[in-house]
Amino acid sequence: MSAFKRVQQWATFARTWHVFDCKWQDPYESAFIIKKYLMGLHKPIYHPMNDCGDVVVCINSRDIALRGDEWRKRAYFHHTGYPGGATWTLAWELHNKDPTMIIRKAVYRAMKGNLQRRHTMERLFIYPGEDVPDDIMQNVTNQIRQWRLVPTRLDHIPEEEVKKFPKIMEYPEDYVLK
Amino acid sequence: MSGLVKSSFSLLKRSIFSTSVRAIVTTKQLHVKEIREQTVGSTLVVEGVPVPSPRKDYLVRAENLVPVPEPLVKSEQPPCYMCALGLEVKHTDVLILSQFVRSDGCMLPRRITGLCRRQQKKIGKMVTMAQKAGLMINLTPKNCAKDPKKRYQHKKFNTYFDESTIFMKRIPKPWEKFRR
Ligand SMILES: [Zn+2]
């Protein structure tokens, strides 16, 4: 094996570390994106028996966004195994208790249930804020593109820019400004 | 005969509610009024002074653009100024939506915005969406905490909306898209 081929072999089978910013992202939609990188589906050498999955670091999982009224409509079921041990926790209650749980469950659910799933999940790191330990952050070499644009709040835009922005609506001539 | 009665009624109505008419004006157009209160001696003088509109220099109209944009919905009637622009506005476009609200974040009525029925409904709903998502938190009533993170229960978390649900009579459940 030549020196070039050896390096190509390392580069092909080395694990890449990706970072994904969950700010204003839908966890159920971004789970399909994260899953692709976790399982290695984006690689041409993919095979179910081939251990080619990457590592994904999710940051800002506290700032995920759910669509419409899903925060108060989506319920998470758990049963302790004892009679009467069933609980239904609403999404916002679960997020209050553990801000990483919704995204973890979404990724877990997006993958097919087999023996490999638990091991693949071990390669997913989720952090509620932006502080990631240095020994994890120093491995990251790639950022995954977000599923939707992060919206900007009106009070975070400079006042001059709001004033100079092209206007569509004009007040009628005898309107009293309020 | 009935048409004559109807038109005379509408004339009467227009003479009373003069704000709904935007057709012909004798005064200088594109002015807004400002209410000023002065005390002259022992009398309080309240007057409405026309001042130039702050939006006059930045106004965009479809007929002034080159080339003229295609209206979103094709119809025989001339489109309103919003339809004529052919913009696809989302609820995150707060710089556009904030033009249609008062300083307390309340949507302006149709007689002031001058939109068509459909656009008024659409923009009104998108203003609600932007307010619920906390994107126009500075345009809220005075007693508001002005911070979306300080809201109550589920309202303190980020929410986004789908604009295609605006004109749906009933929003389909997530599992219904798999039904044949
Ligand atoms: Zn219109």
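Residues numbered from 1 in each chain as written. Chains lettered and ligands numbered in written order. Predicted model: local features only at pLDDT ≥ 70, side-chain atom pairs only at ≥ 80, totals over all residues. Heavy atoms only, no water.

**Q** Would you mind showing me how to read the overall build of chain A here?
**A** In terms of helices and strands, chain A carries eight helices and seven strands. For a compact globule of 178 residues, the expected C-alpha radius of gyration is about 16 Å, and chain A comes in at 22 Å, more than 25% above that figure. Across its three principal axes, chain A shows a C-alpha extent of roughly 85 × 60 × 30 Å. Out of the 178 residues in chain A, the part that is buried amounts to 42%. Partitioning the contacts of chain A with sequence separation of at least 6, the portion at a separation of at least 24 is 68%. Distance between charge centres in chain A, computed from 27 positive and 22 negative side chains, equals 10 Å. (Helix = DSSP H or I, 4+ residues; strand = E, 2+ residues; numbered from the N terminus. Rg over C-alpha atoms; globule rule 2.2 N^0.38 Å. Buried < 20%, exposed > 50% of the residue type's maximum accessible area, 1.4 Å probe, protein only. Contact = heavy atoms within 4.5 Å. Lys, Arg positive; Asp, Glu negative; His and termini not counted. Charge placed at Lys NZ, Arg CZ, Asp CG, Glu CD.)

**Q** Just to check I follow, could you spell out the pairing of strand 4 (residues 75-79) of chain A for this structure?
**A** Side-chain direction in a regular strand flips from residue to residue, so the side chains alternate between the two faces of the sheet. All names here are of chain A. Across five bridges, the pairing between strand 4 and strand 5 (residues 86-90) is antiparallel. Its bridge partner lying in strand 5, H78 is registered against T87. Linkage of strand 4 to strand 5, two consecutive antiparallel strands, is achieved through a turn of six residues, within which G81 is found at a positive phi near 105°. (Pairing = 2+ DSSP bridges.)

**Q** Sorry if this is basic, but what is going on with the packing of aromatic side chains here?
**A** Aromatic rings in a pair are described by how distant their centres are and how their planes are angled relative to each other. Residue and element names in this part refer to chain A. Taken as a whole and assessed by the stated rule, the structure comprises five aromatic pairs over all chains. Taking the centre distance of 5.8 Å and the plane angle of 15° together, the rings of W17 and F125 count as stacked. Taken together, the residues W17 in strand 1 (residues 17-21) and F125 in strand 6 (residues 124-126) connect sequence positions 108 residues apart. Taking the relative accessible area as the measure of exposure, W17 reaches 18% and is therefore buried. Ring plane angle 55° and centroid distance 5.2 Å describe the contact between F77 and W88, whose orientation is recorded as tilted. Residue F77 is located in strand 4, and its partner W88 is located in strand 5; the two are separated by eleven residues in the primary sequence. The aromatic ring of Y108 is capped on one face by R117, whose charged end is 3.8 Å from the ring centroid. (Phe/Tyr/Trp six-rings, centres within 6.5 Å; stacked < 30°, edge-to-face > 60°. Lys NZ or Arg CZ within 6 Å of the ring centre and 35° of its normal.)

**Q** Before we go on, may I ask you to explain the pattern of salt bridges in this structure?
**A** Any two side chains of opposite charge can pair, so long as their charged atoms come close to each other. For the structure shown, the criterion picks out eight salt bridges over all chains. We note a salt bridge from A:K43 to A:D54, for which the minimum N-O separation is 2.9 Å. On the criterion of sequence distance, the pair formed by A:K43 in the loop between helix 2 (27-39) and strand 2 (55-59) and A:D54 in the loop between helix 2 and strand 2 is long-range, its members being eleven residues apart. Residue A:K43 shares its accessibility class with A:D54, and that shared class is buried. B:K149 is the salt-bridge partner of A:D63, the closest N and O atoms lying 3.7 Å from each other. In this pair, A:D63 is assigned in the loop between strand 2 and strand 3 (65-67) and B:K149 in the loop between helix 5 (117-132) and strand 3 (158-160), connecting two distinct chains. Via salt bridges that share partners, A:R15, A:D51 and A:R123 belong to a single interconnected network. (Salt bridge = Lys/Arg side-chain N within 4 Å of Asp/Glu carboxyl O.)

**Q** For this particular structure, what's the right way to read the sheet that holds strand 6 of chain A?
**A** In a beta sheet, neighbouring strands pair by backbone hydrogen bonds and run either parallel or antiparallel. Residues and elements named next belong to chain A. The strand order across the open sheet built from four strands is 6-2-1-7, with neighbouring strands paired in parallel fashion. Both edges of this open sheet fall to strand 6 and strand 7 (140-143), since each of them pairs with a single strand only. Taking each pair of neighbouring strands and ignoring which way they run, the sheet shows an average axis angle of 30°. Pairing geometry for strand 2 and strand 6, over three bridges, is parallel. The partner of C58 across the bridge, within strand 6, is I126. (Axes fitted to C-alpha atoms, helices over the stretch in contact; angles between N-to-C directions.)

**Q** What's the story with the confidence of the model for chain B in this structure? I'm lost.
**A** All names here are of chain B. The predicted model of chain B averages 80 in pLDDT, with 78% of residues at 70 or higher. At the level of individual helices and strands, chain B shows its lowest average pLDDT in helix 1 (residues 2-16), which scores 59, and its highest in strand 3, which scores 94. Both scores are available for the predicted complex, with the pTM at 0.80 and the ipTM at 0.86. (pLDDT = per-residue confidence, 0-100.)

**Q** Explain the coordination of the zinc ion to me, please; I cannot follow it from the model alone.
**A** Working reference: metal with six octahedral donors, ideal angles 90 or 180 degrees; metal with four tetrahedral donors, ideal angle 109.5 degrees. Residues and elements named next belong to chain B. Taken together, the protein donors to the zinc ion comprise C80 (SG), C83 (SG) and C116 (SG), at separations of 2.1 to 2.3 Å. One chain supplies every donor for the zinc ion, spaced along it as C-x2-C-x32-C. A relative accessible area of 13% places C80 in the buried class. With relative accessibility at 11%, the residue C83 sits in the buried group. (Donors = N, O, S within 2.8 Å, 3.2 Å for Na, K, Ca; no water.)

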